[in-house]
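Structural overview
Spelled out, the chains give:
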Amino acid sequence: MHVAIDASRCQGHGRCFSIASALFESDELGNGVVIADGTVGPGQEHHAHMAVANCPEGAVSIEGA
Ligand code: SF4
């Protein structure tokens with residue numbers, strides 16, 4: 001399972017890295033970016049789903065669930 005961000009949709013609200021700081025971080029512009037390759041580690045699945053549900057731009061997705 002991996003998380004991904006569609007950078008063309010991200011408007012930088014920061015909810016993803018506030019909710020799931022192990023999976024996402026802020027770039028220099030305040031936009032969300034995936035940490036490393038976006039692998040969702042053990043115990044992080046809930047945070048990944050919360051990030052998808054709370055991105056107001058629909059930019060966060062889960063792949064290989
Ligand atoms: S929550 Fe969505 S819009 Fe906000 S920084 Fe994360 S990906 Fe971008």
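The structure this text deals with has already been given above.
This write-up is about the structure you can find in this document. (Residues numbered from 1 in each chain as written. Predicted model: local features only at pLDDT ≥ 70, side-chain atom pairs only at ≥ 80, totals over all residues.)

This paragraph deals with the environment of His46. Looking at the element boundaries, His46 is found in helix α2 (residues 45–54). C-beta crowding within 10 Å serves as the criterion here: with 11 such atoms nearby, His46 is assigned to the exposed category. Separated by 26 residues in the primary sequence, His46 and Ala20 have C-alpha atoms spaced 9.1 Å apart. (Helix = DSSP H or I, 4+ residues; strand = E, 2+ residues; numbered from the N terminus. Buried ≥ 20, exposed ≤ 12 C-beta atoms within 10 Å, placed from the backbone.)

Attention now goes to the site of the ligand. Taken together, 14 residues lie around the ligand, and Cys10, His13, Cys16, Gly32 and Cys55 are the ones closest in. Across the shell around the ligand, the residue classes break down as six nonpolar, six polar and two charged. (Near = placed C-beta within 6 Å. Nonpolar A, V, L, I, M, F, W, Y, C, P; charged D, E, K, R; others polar.)

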